[in-house]
Amino acid sequence: MPLSWFGGERMNQYLMEWAGKELMGELEQGLINAPQDLLGCHIYKEADVQIFTTYRPCAETVWLLNAKKEVVGEMEPMELEGLFGYVIEKKGKRLKNYSFRVKYSEDDVIDIQDPYAYPKEITDFDCYIFGEGKHYKIYEKLGAHRETLEGVEGTRFAVWAPGARSVSVVGEFNMWDDRLHKMMLHGGSGFYELFIPGAWEGAAYKYQITARDGSKLYKTDPYGNYAELRPDNASRITSLEGYEWQDGQYQEEKSKKSKEIRDREPMNIYEVHLASWKKRVEDDDNGNYGYRELAQMLGDYVVEMGYTHVELMGIAEYPFDGSWGYQVGCYYAPTSRYGEPKDFMYFVDEMHRRGIQVILDWVPAHFPKDAHCLGNFDGQALYEHPDRRRGEHPDWGTYIFDYGRKEVMNFLVANALFWVEKFHVDGLRVDAVASMLYLDYGKRDGEWLPNRDGGNEHYEAVEFLQHLNSVMEKEHPGAYIIAEESTAWPGVTSSVSDNGLGFSYKWNMGWMNDFLEYMKLDPYFKQFHHGQLCFSIDYYLSEKYILVLSHDEVVHGKCSLLEKMPGLEGDKFSSLRAAYGFMYGHPGKKLLFMGQEFAQRREWAEFRSLDWFLLEDERHKKMQDYIRELNALYKKYDALYYNDFDMMGFQWMDCWRPETSTVAFVRRGSSSKDQLMFIVNFTPVAHEKYKVNAPCKGTFTEILNSDEERFGGQGRVNVGPLKAKKVKEPTVPNPDKQANPRGKMDFYELELYLPPLSVVVLKYDYVV
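Throughout what follows, the structure given in this document is the object of discussion. (Residues numbered from 1 in each chain as written. Predicted model: local features only at pLDDT ≥ 70, side-chain atom pairs only at ≥ 80, totals over all residues. Heavy atoms only, no water.)

1. What to know about the overall build of the chain
Looking only at helices and strands, the chain has 18 helices and 36 strands in total. Viewed in the frame of its principal axes, the chain has a C-alpha envelope of about 115 × 55 × 45 Å. Across the 768 residues in the chain, those meeting the buried criterion constitute 61%. Across the chain, contacts joining residues at least 24 apart in sequence account for 72% of those joining residues at least 6 apart. Of the roughly 30400 Å² of accessible surface on the chain, a fraction of 48% belongs to carbon and sulfur atoms. Each charge class in the chain can be summarised by its mean position, and for the 90 positive and 120 negative side chains these summaries are 5 Å apart. (Helix = DSSP H or I, 4+ residues; strand = E, 2+ residues; numbered from the N terminus. Buried < 20%, exposed > 50% of the residue type's maximum accessible area, 1.4 Å probe, protein only. Contact = heavy atoms within 4.5 Å. Areas by Shrake-Rupley, 256 points an atom, 1.4 Å probe, with all protein chains shown as cover. Lys, Arg positive; Asp, Glu negative; His and termini not counted. Charge placed at Lys NZ, Arg CZ, Asp CG, Glu CD.)

Take a look at the structure:
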């Protein structure tokens, strides 16, 4: 039967009977959330016909094409402007593979595949387990994923927006026209989904969300894997598939190591901000090296310096450079400041090729209020808590995640797994954990809500952190999660089964604060603050600690580590060498921020490169040599790491003479061989015949002295072996007075030269 018989009024009649006025009205108003019920191909059983509809506003003519791209017929314009329809009788053969030819003008004719010809892929089970907070691979469902369906290349988009009235995908592939690609809602789950044929890799896109109040929001994809370079803020279509990893052997070896083995291995972390480690062009926000270039330069440098790990600040995409990456906009996308996602894969791969482990800073504590980000995502609080007393940090101007909402917890837990699984990172350092644990963190009275018991503990955040660490340990036991936690919250690194938070390690912020306050003091006043130097040993076994001298200590008027040291120029360098020596000897894993290895003078700033020109100065070059030697010493002698979390690993030899501001201690490793003794002098006073307790009899050999000329000192060293002498009573009063293994109270003593502002490291074998 000719098309004209079905045209005009008859076609509109079919549509009205089949779809109804309400659905047609929603399409016209842009509020439709079930476009597949109106658009695409449908069998209208009452009239025994096959109906094709497409919505192409501004089109002059639309033709229906078959699988061979042959014209089946010209489609009828409907009553609703931009809506076109075509009918095929049942007597004819069903048209299964079809497309449309759209004419906008004589010079603008395009062929398009119908996005509503493809079914939804998200299942009821996906919806269920996401609602339970346990869909740990939700990032494979949500976001933008390249697919080829029935020979047609395109991209499947999916987003969670339960409060939205409707959602459209807008982008370069549809001229940012929100009328063309309305997404399909999956029941009451809040999932919207649509496969868009022809949406190409690299194309920019956003979700246009119509809120319940009718407002229009343009949002970056929360699960998107790539974003435009700031200040632009759209997502970009990309595929994470196809990168050929070369770290198979590395991963296999790592998987064989239990948590207990890992705790007994060296961990010496170099903390890096990629944009300012080195810049291609100074004074240029975009003058950054790329991931692939940095992989070579930074990888070689980290190996040369002897670090075991590199920790990267600010990799998940963020809008504002000045946040350093701690206000994240796109949690599933490595920042485009340094390249594309596969470039970052290459970076991690190259680090692994060199045996360097990669830690990412990860920020589940808060997120920015930028309009394109997660805040009020679907027109109302979705990722953040709806009550501002729970949902905002007043001092930081950011939102706080709603940890009690299971879908939000799922978003974060899956994100942590995502970085390990897709980018092969070895661990995450969780920023600002204290702000998560306490409901009143950074808030005044009236700005926070207590928990159900009236306290300030954030029960939902605790549950989230326990869940996160439990899942990571189960799914990736070789990975570790590190807490930056600045309070005395108990059990941060205790197992979840023991009601702990389950972190692998914790930054020792207490040690850092006490130690730097002590180091800044004039040498005369140090004697009155001896407890700040020694107190950390009283609690060093309470958690699995990492000693940190991080970026936070060299910004915002705090000055560099070198400039924190008191005295004249020479004393500053000597004091810094002594400080580093004490840090490397102290129990706990280690972290040092970039630039401090060569005594950066200026405060760190994210917009400029480190002052590498300082290495032309001999004092800075020798400081770099000193850190390289400390790193080598640290990895060579397991006394410095094997028993970090065991009381056998440390013992004071002298911490009871505050008037001299000296301390001495021993570190024990896996055997009685190659144990180490550290003697540190924090005043500019030399001790010609310094007497100090010795752990045993025998020979002690100086293996490092920070006053060596090669490190910038004056060469006042101890030449030849030192013999421990048995004494009736120790010169240094030792309150412990521990008996030796034979039960006798034997005391041994060393006498040596102790240079001013120095650390001396002695090697010995324990002799009973």
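2. Description of the pairing of strand S17 (residues 268-272)
Side chains on a regular strand alternate between the two faces of the sheet. In terms of residue burial, S17 counts as a mostly covered element, since five of its five residues are buried. The alternating pattern of S17 places Asn 268, Tyr 270 and Val 272 and Ile 269 and Glu 271 on opposite faces, both of which are buried. Note that S17 and strand S28 (residues 589-593) share four bridges and pair parallel. Residue pairing for S28: Glu 271 is matched across the bridge by Phe 593. (Pairing = 2+ DSSP bridges.)

3. Re the nonpolar core
Counting 196 residues, the largest nonpolar core has Phe 157, Phe 347, Tyr 383 and Trp 419 as its most contacted members. Considering each element in turn, this core owes the most residues, 12 residues, to helix H10 (residues 406-423). Counting 19 residues, the second-largest nonpolar core is a separate cluster that includes Ala 664, Ala 694, Leu 754 and Leu 762. (Core = buried A, V, L, I, M, F, W, Y, C linked by side-chain atoms within 4.5 Å.)

4. Things to note about the packing of helix H17 (residues 569-585) against helix H18 (residues 618-636)
Each pair of packed helices gets described by two things: the angle between the helix axes and the distance between those axes. Two elements in contact, H17 and H18, have axes whose closest approach is 11 Å; the angle formed by their N-to-C orientations is 10°. As far as their axial angle goes, H18 and H17 are roughly parallel. Where H17 crosses over H18, the two elements pack in a sense that is right-handed. Contacts between H17 and H18 involve Glu 569, Phe 573, Leu 576, Arg 577, Tyr 580, Gly 581 and Tyr 584 on the former and, on the latter, Arg 619, His 620, Met 623, Tyr 626, Ile 627, Leu 630, Asn 631 and Tyr 634. Looking at the contact of H17 with H18 residue by residue, the class counts come to nine nonpolar, three polar and three charged. (Axes fitted to C-alpha atoms, helices over the stretch in contact; angles between N-to-C directions. Parallel < 35°, antiparallel > 145°, perpendicular 65-115°, else oblique. Left-handed = near helix turned anticlockwise from the far one by under 90°. Nonpolar A, V, L, I, M, F, W, Y, C, P; charged D, E, K, R; others polar.)

5. As for the pattern of salt bridges
Here the structure, examined in full by the defined rule, presents 54 salt bridges. Asp 111 is the partner of Arg 101 in a salt bridge, and the nearest nitrogen-oxygen pair spans 2.7 Å. Of the two residues, Arg 101 is situated in strand S7 (residues 99-105) and Asp 111 in strand S8 (residues 108-112); the sequence distance between them amounts to 10 residues. Looking at Asp 111, the relative accessible area reads 38%, which means it is partly exposed. Through salt bridges with shared partners, a single ionic network connects Glu 563, Glu 569, Lys 572, Arg 601, Asp 617 and Arg 619. (Salt bridge = Lys/Arg side-chain N within 4 Å of Asp/Glu carboxyl O.)

6. Things to note about the pairing of strand S31 (residues 675-681)
Along S31, seven of the seven residues are buried, which leaves the element largely enclosed by surrounding structure. Residues of S31 alternate between two faces, with Gln 675, Met 677, Ile 679 and Asn 681 on one and Leu 676, Phe 678 and Val 680 on the opposite face, all of them buried. Of the strand pairs in this sheet, strand S30 (residues 662-667) and S31 are connected by six bridges, and their pairing is antiparallel. Bridged to Thr 662 within S31 is Asn 681. Examined bridge by bridge, S31 and strand S36 (residues 758-764) share seven bridges and lie antiparallel to one another.

7. Structural notes on the side chain of Thr 660
Its place among the elements puts Thr 660 in the loop between strand S29 (650-654) and S30. From its side chain, Thr 660 meets the backbone oxygen of Arg 657 in a polar contact 2.9 Å long. Here the side chain of Thr 660 touches Thr 662 through a polar contact of 2.6 Å, side chain to side chain. The contacts of Thr 660, once residues within four sequence positions are left out, are Asn 681, Thr 683 and His 687. (Polar contact = N/O pair within 3.5 Å; in protein donor to acceptor, adjacent residues only side chain to side chain.)

8. Comments concerning the packing of helix H7 (residues 291-305) against helix H8 (residues 341-353)
Two elements in contact, H7 and H8, have axes whose closest approach is 8 Å; the angle formed by their N-to-C orientations is 15°. If you check the angle between H7 and H8, you find them roughly parallel. The hand of the H7/H8 crossing is right-handed. Two secondary-structure elements touch here, H7 through Tyr 291, Arg 292, Leu 294, Ala 295, Gln 296, Leu 298 and Gly 299 and H8 through Lys 342, Asp 343, Phe 344, Tyr 346, Phe 347, Glu 350 and Met 351. Here the residues of the contact of H7 with H8 are counted per class, giving eight nonpolar, two polar and four charged.

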